[in-house]
Structure formats: C-alpha cells, structure tokens
Amino acid sequence: MKRTKLKSLVFLLLAWITWPGYAQTLESPYGVTSAVTWSWEPYAEFQTRERTFARMNEASANWVRCQFDWLMMENPRGKWNFSMFDTLVSDAKKAQIHLLPILGFDNAWGELSHKSPYWNEYVRTVVSRYKNDIRAWQVGNEPNWGGPANPTAEEYAKQLKQTYQTIKSIDPALTVVTSGFAGIPRDYLETLLKNGLSESCDVVAVQPYHASGVPEEILPDLTLLKTLMKQYNCQKPIWLTEIGWSTGLHPRKIHDMFAAAIKEVGIDPTLDEAAFVCDADNNVFTLSYLQSSGFPSFSHQRIISLNQIKVLDPKRTPLLVPCIDEVFIGKYIPDLLSYVRRGGTILLPNAFPFFYDKMPNGDKKIVSDKYIPLFHLGWDWYHSGNVPGVETFQRPAPEFEGKYQWQAPAAKSWSNGRYLHTRNMKPGDKFIPVLLGGNEQFTGPIAGIYKLNSNLKGNIIISVLELDIRKVSELEQAKVLPRTYLLMLSNGVERVLWYSFRSTEADQYHSESHFGLFHKNNDPKPAFYTFKTLGALCPSGSTVPEMKVNAHRYSVTWKRPDGVRVWALWRPFGKENVKLIARGEIQEILDMFDKKMSATKLGEGEFTLSDSVTYVIGPELISIEPLR
C-alpha cells in the first residue's frame with residue numbers, strides 16, 4: 001500500500017464508514033478481556049467474577065472475553081465437567097454481561113486443537129450447552145504466531161470453516177468471530193481470504209497492539225486490513241478483541257544511565273533543549289515511551305517530524321531522539337548524519353538502531369548494520385561467534401562508577417549477546433563505555449558514548465540492550481484508553497475489548513503482568529475512570545463517531561441517544577494553544593476524568609490541546625484554528 005499523508009489517510013478511513021455491514025449507531029461497543037474462567041494464581045479472577053461484572057457495568061462495558069479452555073472442560077477424554085462454567089454463565093446473565101468465549105487451546109490428552117479429530121465434538125458440546133445464553137463465539141487466539149503449536153493459515157482456514165459450519169448447524173443466528181489475529185498479518189490474512197474467510201465467519205477480529213507507541217499508530221493498520229478485505233469482497237464487521245497498554249515498571253534504572261551519559265557530553269536538561277521525533281505521518285513516536293521510562297525531563301522539549309531533522313540546529317537543540325527501537329526510515333539517514341556532522345548529539349536507547357528500514361507500505365526490511373558505519377558506530381552480536389550470548393553480570397563502566405545506580409536482572413544469567421565496538425571509528429573519535437556486561441571470560445560495553453571529532457563532530461549515546469519498551473505510566477494508560485476507543489469506533493471498528501481487566505502483577509517489570517484496568521488487589525487504575533467517563537458520554541445507542549484531523553489536531557464527534565452532540569478533542573503529543581470557535585450552546589466541558597472545566601477557556605478564546613481528551617458537550621459545530 002502506498003504511504004499517504006495523514007490527511008489523505010483520514011479521508012480514506014472515513015470513506016469506509018458506510019461500507020456494507022457497518023452500523024450507523026453504536027451497539028454495546030465496550031468490553032474487556034478477563035481471566036474469569038481461571039481460579040488459580042496469579043489470575044484467580046473466577047473468584048471475583050461478580051465484582052468484575054459490576055465494575056464493567058459501571059463503565060457501560062458489557063462484553064467480557066474469556067477462555068473456554070478445552071482441557072478444563074473435558075479431562076480425561078469423554079469426562080466433561082461444566083460446573084464452573086455453568087456458574088460463570090449464570091452470573092454473567094444476571095449481571096447482563098455478554099460473554100465472548102474463546103474456543104480452543106489444546107485438549108487434556110495432548111492434541112493440538114487444530115489437529116484433533118475431536119475438535120468438532122468439543123465445539124458442538126460446548127456451544128449446544130450455552131447457545132441460549134452466549135450468542136457469540138471466538139475461534140482461537142493469535143494463531144499467526146507461527147511455530148509447531150500454531151496452525152498455518154491454510155490449517156486455520158480449514159479449522160475455522162469446520163467450526164463455522166458446526167456452530168451454524170446448532171443455531172444459524174449465533175455469531176462466529178475469527179481468532180483475534182496478532183497485529184495485522186498481511187500474508188496470513190490474505191491466505192485466509194483466498195481460502196474463503198468470508199464464508200467462514202461473521203466477524204473479523206484483530207489485536208493490533210502498539211504498546212510502545214500511541215493509538216493513532218493503529219489507523220494505518222486498519223487501512224491495511226480494510227483494503228485487504230475489500231480486495232476479496234469480505235464485507236464483515238471488525239472487532240478488536242485485545243488492545244491495551246501495560247503499566248509495568250522499567251527495570252535496570254535505564255533513565256539514571258541516560259541522565260549520566262547526557263551530562264557527560266555537556267548537555268544540561270534544566271537549560272538545554274531536546275528534540276523528539278513524533279511523526280504521525282510516518283508512525284514514529286518517541287516521547288511517550290521515554291516519558292514513561294523516567295527519561296530525564298528537559299525544561300525545553302521540542303516535538304519534530306522526520307522532515308524537520310534536516311533543519312534542526314544543534315546549537316539551539318543539542319539533543320535529538322530519532323527512534324526508540326530498531327526501525328528507522330532509511331531516506332532520513334542523511335539528515336541524521338548532517339545533524340551529527342554539525343555537532344548534534346543523538347540518543348539511541350534500545351537494541352540495534354537502524355537494523356530495519358521501514359518501507360513505504362509499512363513493512364520492515366532487514367538492513368542489519370548497513371547504516372551503522374556511517375555514524376562510526378559498531379556492534380558485535382553473539383551470532384557472529386565473537387561475543388558470548390549469555391551474561392552473568394552488568395555494571396557501570398569505571399568511568400561512570402558512582403555516577404548512576406544500575407539494577408541488573410534478577411536471574412543468575414540472561415541473554416543479551418550484544419556489545420559495542422570501535423572498529424568503525426575515525427582518527428580523532430573517542431569512545432567512552434557507560435555500561436559493561438559479560439561473564440568470567442569476556443567483558444564488553446553494552447552502552448556507551450561515541451564522542452566524534454573527525455568528519456562528524458557530535459556525539460552518539462547508544463545502548464544495545466534489548467529493553468521491554470511496551471510500558472507506559474498509569475496516567476498515560478488513562479490517556480490512551482479513550483483515544484483508542486474513539487479512533488477505532490470512528491474508523492470502522494464495531495467493538496473494542498480492552499486487555500485486560502485486572503493485572504496479575506506477578507512480576508513488577510514484566511509488561512504482561514500490568515495491562516489491567518485494576519491492580520491485583522482490585523484497586524482501580526486511573527484508566528478505569530477514563531473508561532467510565534467515555535462510557536457515560538458515548539453510550540450504546542449513540543451515533544457512530546466521526547473523526548477529523550488537521551495538523552495533528554483530532555476532533556471526534558457523535559450524538560448521544562438523547563440527541564445531544566458531544567465532541568472529544570486532543571492532539572497525540574505535545575501541547576498547542578489554539579482558538580476554538582463553537583456554534584451553539586456549550587452545556588458542559590469535561591476532562592477525561594469527568595471533572596468540569598471552565599467554559600471561559602473555550603468559545604472564542606484560547607484553548608490548550610494536549611494528549612488528554614477534553615469533552616465539549618452541546619454545540620453543533622466546533623472549529624479549531626491555530627493561534628496567530
């Protein structure tokens with residue numbers, strides 16, 4: 001798919017609103033994924049199911065997705081036990097909660113579900129038992145992960161078709177939902193579409209996580225999905241059956257290390273300006289991750305696009321963060337080199353920078369170390385045989401002893417296998433190790449500073465640790481939740497189920513343990529309250545939201561069932577003072593936590609757009625104009 005500018009992209013997305021099968025009003029659009037069928041730690045949400053249902057009703061979220069594991073129902077072969085599931089289904093019905101069971105996973109006698117001759121018997125038995133109370137069924141979860149335990153696209157197409165036929169033979173009015181595919185797997189989905197996906201499901205489900213970015217990045221994913229579906233005349237509703245952001249802690253005190261390195265090159269966060277690439281047109285967002293990881297806060301922060309790198313003045317802006325992972329768009333490499341050549345400092349915080357070149361269609365192409373020598377950088381990887389794949393220690397380099405605290409992983413050994421080298425440096429360049437790692441036989445730098453004084457005159461602060469960057473603060477999670485729902489519902493998605501209801505908190509650093517709206521002790525996170533606000537202002541029966549974007553200013557509007565129009569306003573990064581002109585009476589202005597705001601800030605006056613959604617209730621038309 002040809003890369004388009006965001007303005008054109010939004011036009012394309014909005015053009016899909018009226019595609020066949022897409023409703024004009026919302027019908028129960030909110031839900032969660034919850035472990036309500038699991039009674040063991042660290043999940044044990046079956047025991048708290050009634051509290052879960054009550055809390056979801058508070059947020060107007062009346063869909064709960066859960067696993068109906070085969071091995072929990074039939075164990076051993078031929079012996080069925082439905083007692084726990086009967087209780088769950090009864091309690092959900094009393095609470096007016098719709099369950100979306102996930103059919104699948106392996107059986108108790110060791111067969112893979114997609115290869116078992118008893119699969120259809122399991123489906124028929126379970127669906128027949130609960131068909132009057134459960135009207136939608138999902139077939140599997142993320143089968144496109146690959147490996148021997150997961151079906152190929154051809155195998156899943158066959159399994160889905162058989163399951164669809166079995167369920168429809170029980171009750172033709174039951175809804176069959178595809179597996180929630182991990183991401184938007186183009187090749188996997190295209191194979192399914194070629195093998196009759198349209199005739200094997202009622203709903204297409206995807207799970208396009210962008211847990212290290214922002215929800216606005218999902219829009220191109222939706223465009224890809226709907227383009228594929230249109231190509232094969234698959235006119236089915238789309239559900240997101242998982243989406244979410246984790247609030248786990250960032251390990252190893254990486255922010256302390258970067259702060260020490262920034263100070264070493266003479267940059268003062270209290271005085272100097274730092275630039276962060278946040279480019280919606282190219283789906284590059286660096287600031288949200290760095291803020292959530294405790295990155296040093298600069299008194300002067302500048303948000304720039306990739307196109308603006310070439311005009312960035314190192315004297316005014318001495319630090320630039322161009323990316324947070326291994327993906328970069330190769331055509332901007334010369335602009336980065338120019339910035340460093342003129343004395344700028346770039347920070348590359350994670351793994352192998354520039355390892356993938358992002359293509360115009362959104363795909364990633366491995367280029368390995370193609371660009372690295374241009375910056376005088378170098379790395380060794382354990383695959384080459386020059387460095388070990390397992391480390392037994394990590395510690396600050398001697399030059400940085402006492403300058404920052406470091407917290408190594410708790411395990412006795414761990415795999416990193418990435419080290420920096422100096423073989424591409426030029427005369428005049430200097431390398432300063434910041435963090436060392438290794439074992440009894442080997443010690444090498446895994447983070448360092450390249451101080452360049454050759455044809456390049458700047459600095460490069462780099463860490464090749466592969467960090468789990470899929471984490472945000474609890475406040476950031478609260479901000480992205482309403483934006484996610486509003487973006488999805490205004491761009492052709494019928495239903496969105498947040499992942500997940502409650503965090504297990506089994507590991508304070510592992511992202512999977514912290515996706516929940518609630519803590520392990522059932523205390524709500526801030527995101528639950530922004531969920532409640534959204535559910536109250538855009539309830540079931542509202543018109544489908546409509547989105548407009550202009551210069552990264554987002555406005556989404558809809559009418560509630562009572563006919564009152566509501567507007568949601570934000571920008572995905574940074575703040576901007578704008579003039580907001582409203583036509584019609586402003587009844588109320590609310591922040592994302594349902595707190596009333598002063599109306600004097602709106603009307604003909606100045607208004608500050610930020611990444612927190614503001615709701616304006618009442619006016620028929622709102623115009624956002626930049627302040628001159």
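In what follows, the structure referred to is the one given above.
Residues numbered from 1 in each chain as written. Predicted model: local features only at pLDDT ≥ 70, side-chain atom pairs only at ≥ 80, totals over all residues. Heavy atoms only, no water.

Undergrad: So what about the overall build of the chain? Which residues, and what values?
TA: A count of helical and extended segments in the chain gives 13 helices and 32 strands. Over its C-alpha atoms, taken along the principal directions, the chain stretches across nearly 75 × 65 × 45 Å. Looking at the chain as a whole, 59% of its 628 residues qualify as buried. Carbon and sulfur atoms make up 49% of the accessible area of the chain, which amounts to about 25300 Å² in all. (Helix = DSSP H or I, 4+ residues; strand = E, 2+ residues; numbered from the N terminus. Buried < 20%, exposed > 50% of the residue type's maximum accessible area, 1.4 Å probe, protein only. Areas by Shrake-Rupley, 256 points an atom, 1.4 Å probe, with all protein chains shown as cover.)

Undergrad: An account of the layout of surface pockets is needed here, citing residue identities and associated values.
TA: Roughly 390 Å³ of volume is contained in the second largest pocket. Considering the residues around the second largest pocket, the lining is formed by 23 residues, among which E27, S28, W63, H98 and R495 are closest to the centre. Where the lining of the second largest pocket is concerned, the elements lending two or more residues are α4 (83-94), β3 (98-104) and β24 (493-499). Of the residues that constitute the lining of the second largest pocket, the class distribution is 14 nonpolar, three polar and six charged. (1 Å grid on protein atoms, 1.4 Å probe; cavity = no way out; pocket = protein on both sides within 12 Å on 5 of 7 lines; lining within 4 Å. Points joined across faces, edges and corners; volume = space filled by probe spheres on them. Nonpolar A, V, L, I, M, F, W, Y, C, P; charged D, E, K, R; others polar.)

Undergrad: Any chance you could break down helix α8 (residues 218-231) for me, citing the residues and the numbers?
TA: Its 14 residues place the ends of α8 20 Å apart at the C-alpha level, agreeing with the 20 Å of an ideal helix rising 1.5 Å per residue. The buried fraction of α8 is high, at eleven of 14 residues. All buried positions along α8 are accounted for by I218, L219, P220, D221, L222, T223, L224, L225, K226, L228 and M229. At the exit of α8 stands N233, carrying a positive phi of roughly 55 degrees. (Expected span 1.5 Å × (residues − 1).)

Undergrad: Could you give an account of the packing of aromatic side chains, naming the residues involved and the relevant values?
TA: Considering all chains together, one arrives at 39 aromatic pairs under this definition. For the ring pair W109 and Y118, a centre distance of 6.0 Å and an interplane angle of 80 degrees mean the geometry is edge-to-face. Given the relative accessible area of 29%, Y118 is considered partly exposed. Aromatic pair F528 and Y529: ring centres 5.7 Å apart, planes at 70 degrees, arrangement edge-to-face. A residue is classified by how much of its surface remains accessible, and Y529, at 37% relative accessible area, is partly exposed. (Phe/Tyr/Trp six-rings, centres within 6.5 Å; stacked < 30°, edge-to-face > 60°.)

Undergrad: Give me the sheet that holds strand β32 (residues 621-626): which residues, what numbers.
TA: Taken in spatial order, the three strands of this open sheet run β30-β28-β32, and their pairing is antiparallel. Strands at the two margins of the open sheet, each flanked by one partner only, are β30 (606-609) and β32. Strand-to-strand twist of the sheet, defined as the mean angle between neighbouring strand axes without regard to direction, takes the value 45 degrees. (Pairing = 2+ DSSP bridges. Axes fitted to C-alpha atoms, helices over the stretch in contact; angles between N-to-C directions.)

Undergrad: Talk me through the state of the cysteines; I want residue IDs and the actual numbers.
TA: Following the criterion strictly, the structure yields zero disulfides and no others. Here C201 is not cross-linked by a disulfide; its sulfur's nearest cysteine counterpart is in C234, at 5.4 Å. When its relative accessible area of 0% is taken as the criterion, C201 is described as buried. (Disulfide = S-S within 2.5 Å.)

Undergrad: Residue-level account of the side chain of T557, with values.
TA: By the secondary structure assignment, T557 is in strand β26 (residues 553-559). On the basis of relative accessible area, T557 is assigned to the buried category, the value being 9%. For T557, the residues in contact, after removing those within four places along its chain, are V544, P545, E546, R565, V566 and W567. (Contact = heavy atoms within 4.5 Å.)

Undergrad: Describe in detail the sheet that holds strand β27 (residues 565-570), supporting the description with residues and values.
TA: With respect to topology, five strands assemble into an open sheet ordered β25-β26-β27-β31-β29, the strand pairing being antiparallel. Either end of the sheet is taken by a strand with one partner, and the two such strands are β25 (546-550) and β29 (588-590). Within this sheet the neighbouring strands show an average axis-to-axis angle of 20 degrees, counted without direction. Pairing analysis gives six bridges linking β26 to β27, with the strands arranged antiparallel. Paired with W558 across the strands is V566, a residue of β27. Helix α12 (residues 474-489) contacts β25, β26, β27 and β31 (614-617) of the sheet and is inclined by roughly 120 degrees relative to β27.

Undergrad: So what's going on with a nonpolar patch on the surface? Which residues, and what values?
TA: A surface patch of nonpolar side chains, about 270 Å² in accessible area, is lined by L475, Y529 and F593. Here L475 is to be found in helix α12. Residue class for L475 comes out partly exposed when judged on its relative accessible area of 42%. (Patch = residues over 30% accessible without salt bridge, like charges linked within 9 Å, V, L, I, M, F, W, Y side chains within 5 Å. Salt bridge = Lys/Arg side-chain N within 4 Å of Asp/Glu carboxyl O.)

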